[in-house]
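Understanding the architecture of this molecule
Chain residues, written in single-letter form:
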2 protein chains.
Amino acid sequence: MDSKKQDLKIGLIQSQALLEPKKNLEKTLIKIRQCAEEGAQIVCTQELFCTRYFCQIEDPSNFNLAETIPGHSLDVLQAIASELGVVIVASLFEKRMKGLYHNTAAVIDADGSLLGLYRKMHIPEDPDYYEKYYFTPGDLGYPVWTTRYGKIAVLICWDQWFPEAARLVALQGAEILFYPTAIGWQDEDYEKEGEDQYQSWQLIQRAHAIANGIYVCAVNRVGQEDRINFWGQSFICNPSGKVLCSASSTEEENIIHTVDLSQVEYFRRKWPFLRDRRVDSYKNIFRLGFMEVI
Amino acid sequence: MDSKKQDLKIGLIQSQALLEPKKNLEKTLIKIRQCAEEGAQIVCTQELFCTRYFCQIEDPSNFNLAETIPGHSLDVLQAIASELGVVIVASLFEKRMKGLYHNTAAVIDADGSLLGLYRKMHIPEDPDYYEKYYFTPGDLGYPVWTTRYGKIAVLICWDQWFPEAARLVALQGAEILFYPTAIGWQDEDYEKEGEDQYQSWQLIQRAHAIANGIYVCAVNRVGQEDRINFWGQSFICNPSGKVLCSASSTEEENIIHTVDLSQVEYFRRKWPFLRDRRVDSYKNIFRLGFMEVI
């Protein structure tokens, strides 16, 4: 068995958002630089890092926070990617055209070129998470990019709960899956179900790593914003779902961690799930449900 | 919200297999009776409970261990189900016809009638688990049964690792998913990766509970058989993936636990993943992979 290591250093930026978008961009550029100084080759931001999590209310003026891609944020991110020689996965509020907005991730290669976009496919809508008001569900499917340092995919937050999405990027060859995220405790939940919610969130992402034999990196924001206390705890897990490192639940923190991409082959040989999928039997996955009467 | 409890008592039989199939059947009948005496309404056996785990070698004489369904084991299980008024999920080595064998679960309703069969869809093949030699992959898809006490589905062991299978039974209305199982540590693995393997096994099943908002019950065998030390630790988790009870890693044990099926609705409203599936975007789930050159 080929056991040659394929080391790759990842940087995840867990941050507390400020009110002014300009300052969040500045702060994130500093943190990207810190990650690069520590040797990170691929750096990922939290979800919608330029702003606070504005989806806690439905307010048409919040669409002013969106920007075009390309646009100002992308320009400066491309410049710093090229300067530092790092791949950047950046989560942005995209204004696609008048009245059409997406929750989007831009993937920038280490030479500063834009490799492409992922537009969040699964959009939540719950009290304090009014995302269906802001974001049109994505129309770009589940792309995978060959960056200078590895084959990666990006899914965003609510996508975390859908095994289909993780499977689809793995089948296309992704070896590291990034999840920029904004999830936290609502005040009334914390006592009752807070710990369980956090456990479920970490657990289902670790399961995607196992089912697909890939690395998973979750990047969450931290700190109180209005009614949500974002729970941080960004983490990286290996292709058997083992958590390699995890950040604070209350503080800003860059996770810098080296992964070994040869472990993708190692674990897939050990537990060869991809060999045994019954693709002849999955046709009903296209249905929303079967029961007509409850 | 309708918060009327829908309690249902489950019994899981974690056992150490004896050499003689007849004695395993006798022992299991006693344990079914014990479960019923404690109030269990649905009882599930471990995988291939009538025999030791014979798949550690490829030996044509082992096909003698298979039996037809209907057949002797099913007859006595139907009789005891009817006598005790319990639903029984029984994992059997099925001889379908000369030279055609399956790893099958029979679902018997509380009146003793056979509701149907599930034939293991995903078949492993690894050192000490030579199942592709014995079992033809199933051709009955992913059925769901309305038993006297609830809507249930059965998947078997290796199926545990495939999110598609759990999704498909949930979409058909299953509220409790049973996994009869035979998994353990091989001697050479234990020191190095034993704990991680067990963690991955429990974790991916808990993730199916979360993704689909269903109860999951895993029933594993226990004890040393040739080169495998079966790790027991049968468990039940709720629709948010929380482990409600777990058995010993070394001893025989009946798990008897009451679940509340109204929690399926509760958790699906809390985290409405089934609302947001992008069935328009999953077509590539039918492919085995995309990469043609590695």
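Residues numbered from 1 in each chain as written. Chains lettered and ligands numbered in written order. Predicted model: local features only at pLDDT ≥ 70, side-chain atom pairs only at ≥ 80, totals over all residues. Heavy atoms only, no water.

Helix and strand content of chain A: six helices and 15 strands. Taking 2.2 N^0.38 as the reference for a compact globule, 294 residues should give roughly 19 Å; the C-alpha atoms of chain A span a radius of gyration of 19 Å, in line with that estimate. Considered along the principal axes of its C-alpha atoms, chain A spans approximately 60 × 55 × 40 Å. A buried classification covers 62% of the 294 residues belonging to chain A. Long-range contacts, defined here as pairs at least 24 residues apart, represent 69% of the contacts in chain A between residues at least 6 apart. Charged side chains in chain A number 31 positive and 40 negative. The centres of these two groups are separated by 7 Å. (Helix = DSSP H or I, 4+ residues; strand = E, 2+ residues; numbered from the N terminus. Rg over C-alpha atoms; globule rule 2.2 N^0.38 Å. Buried < 20%, exposed > 50% of the residue type's maximum accessible area, 1.4 Å probe, protein only. Contact = heavy atoms within 4.5 Å. Lys, Arg positive; Asp, Glu negative; His and termini not counted. Charge placed at Lys NZ, Arg CZ, Asp CG, Glu CD.)

Aromatic ring pairs: the centre-centre distance and the angle between the two ring planes describe each pair. All names here are of chain A. The full count for this structure, using the stated rule, is 51 aromatic pairs over all chains. Their ring planes at 40 degrees and their centres at 6.4 Å tell us that Phe63 and Phe93 sit as a pair that is tilted. Separated by 30 residues along the polypeptide, Phe63 in the loop between β2 (42-45) and α2 (72-84) and Phe93 in strand β3 (residues 87-97) bring together distant segments of the chain. Sitting over the face of the ring of Phe290, Arg287 holds its NZ or CZ atom 4.1 Å from the ring centroid. (Phe/Tyr/Trp six-rings, centres within 6.5 Å; stacked < 30°, edge-to-face > 60°. Lys NZ or Arg CZ within 6 Å of the ring centre and 35° of its normal.)

Right, let's talk about the sheet that holds strand β12 (residues 228-231) of chain B for a bit. Residue and element names in this part refer to chain B. Read across the sheet, three strands follow the order β9-β12-β11 without closing on themselves; strand pairing throughout is antiparallel. In this open sheet, the two strands that pair with only one neighbour each are β9 (184-186) and β11 (222-225). Averaged over all adjacent pairs, the angle separating strand axes in this sheet is 15 degrees, with direction ignored. Strand direction decides the pairing type here: β11 and β12, joined by four bridges, are antiparallel. Looking across to β12, one finds that Gly223 is bridged to Phe230. Sheet contacts for helix α5 (residues 187-212): β9, β11 and β12; angle to β9, the most-contacted strand, approximately 155 degrees. (Pairing = 2+ DSSP bridges. Axes fitted to C-alpha atoms, helices over the stretch in contact; angles between N-to-C directions.)

For these two chains of identical sequence, chain B goes onto chain A by a turn of 180 degrees and a shift of 0.0 Å along the axis, with RMSD 0.0 Å. The symmetry that links the two subunits is that of a two-fold axis. A high fraction, 100%, of the interface residues of chain B reappear at the interface in chain A, so the copies pair face to face through one surface. (Least-squares fit on C-alpha atoms with pLDDT ≥ 70 in both.)

The nonpolar side chains of soluble globular proteins are, as a tendency, buried together. In terms of nonpolar packing, the biggest core is built from 157 residues, with A:Trp161, A:Ile176, A:Phe178, B:Trp161, B:Ile176 and B:Phe178 touching the most fellow members. For B:Phe178, the residues in contact, after removing those within four places along its chain, are B:Ile10, B:Leu12, B:Ile42, B:Cys44, B:Val89, B:Ile152, B:Ala153, B:Val154, B:Leu155 and B:Cys217. (Core = buried A, V, L, I, M, F, W, Y, C linked by side-chain atoms within 4.5 Å.)

What follows is about unusual backbone geometry. Residue and element names in this part refer to chain A. Between Ile69 and Pro70 the backbone carries a cis peptide bond, its omega angle lying at 5 degrees. Note on placement: Pro70 falls in the loop between β2 and α2. For Asp128, which is not glycine, the phi torsion reads 80 degrees and is therefore positive. Here Asp128 lies in the loop between β5 (114-119) and α3 (131-134). Even without glycine at this site, Asp226 takes up a positive phi of about 50 degrees. Mapped onto the fold, Asp226 is located in the loop between β11 (222-225) and β12 (228-231). Judged by its relative accessible area of 54%, Asp226 is exposed.

Residues and elements named next belong to chain B. Closest axis-to-axis distance for the helix α4 (residues 163-171)/α5 pair is 10 Å, and the angle between their directions is 40 degrees. Compared by their axis directions, α4 and α5 come out oblique. Two packed elements cross with a definite hand, and for α4 against α5 that hand is right-handed. Only His208, Ala211 and Asn212 of α5 make contact with α4, whose side of the interface consists of Pro163, Ala166, Arg167 and Ala170. Its residues assigned to classes, the contact of α4 with α5 comprises four nonpolar, two polar and one charged. (Parallel < 35°, antiparallel > 145°, perpendicular 65-115°, else oblique. Left-handed = near helix turned anticlockwise from the far one by under 90°. Nonpolar A, V, L, I, M, F, W, Y, C, P; charged D, E, K, R; others polar.)

Take the pairing of β5(A) next. Residues and elements named next belong to chain A. Judged from the five bridges that link them, strand β4 (residues 100-108) and β5 form a sheet pairing that is antiparallel. Looking at β5, one finds that Ile108 is bridged to Leu114. Counted between consecutive antiparallel strands, the loop separating β4 from β5 contains five residues, among which Gly112 sits at a positive phi close to 90 degrees.

Moving on: the interface of chain B and chain A. Counting from both sides, the interface comprises 57 residues of chain B and, opposite them, 57 residues of chain A. In total, about 5,600 Å² of surface goes out of reach between chain B and chain A, with carbon and sulfur atoms giving 63% of it. The interface formed by chain B and chain A holds ten salt bridges in total. A:Lys270 is the salt-bridge partner of B:Glu193, the closest N and O atoms lying 3.4 Å from each other. Counting across the interface, chain B meets chain A through 32 residue pairs in polar contact (both at pLDDT 80 or more). Every element with two or more residues in the side of chain B that touches chain A is listed here: α4, α5 and α6 (262-270) of chain B. (Buried area = accessible area lost by both parts, 1.4 Å probe. Salt bridge = Lys/Arg side-chain N within 4 Å of Asp/Glu carboxyl O. Polar contact = N/O pair within 3.5 Å; in protein donor to acceptor, adjacent residues only side chain to side chain.)

Residue and element names in this part refer to chain B. Over its 13 residues, helix α2 (residues 72-84) runs 19 Å from end to end, which matches the ideal 18 Å to within 8%, given 1.5 Å per residue. Among the residues of α2, Ser73, Leu74, Leu77, Gln78, Ile80 and Ala81 are the ones counted as buried. Where α2 is buried, its residues meet α1 (21-37), β3 (87-97), β4 (100-108) and β5 (114-119). Gly85 occupies a position one or two residues after α2 and carries a positive phi of about 70 degrees. (Expected span 1.5 Å × (residues − 1).)

Glancing now at the pattern of salt bridges. A full pass over the atoms with the stated rule returns 40 salt bridges over all chains. In this structure, B:Glu164 engages A:Arg277 in a salt bridge whose closest nitrogen and oxygen atoms are separated by 2.9 Å. Taken together, the residues B:Glu164 in helix α4 and A:Arg277 in the segment after α6 (262-270) connect one chain to another. Judged by its relative accessible area of 4%, B:Glu164 falls in the buried class. A relative accessible area of 5% means that A:Arg277 is categorised as buried. Close ionic contact of B:Asp128 with B:Arg227 constitutes a salt bridge, the shortest N to O distance being 2.7 Å. With B:Asp128 in the loop between β5 and α3 (131-134) and B:Arg227 in the loop between β11 and β12, the pair connects residues that are 99 residues apart, well separated along the chain.

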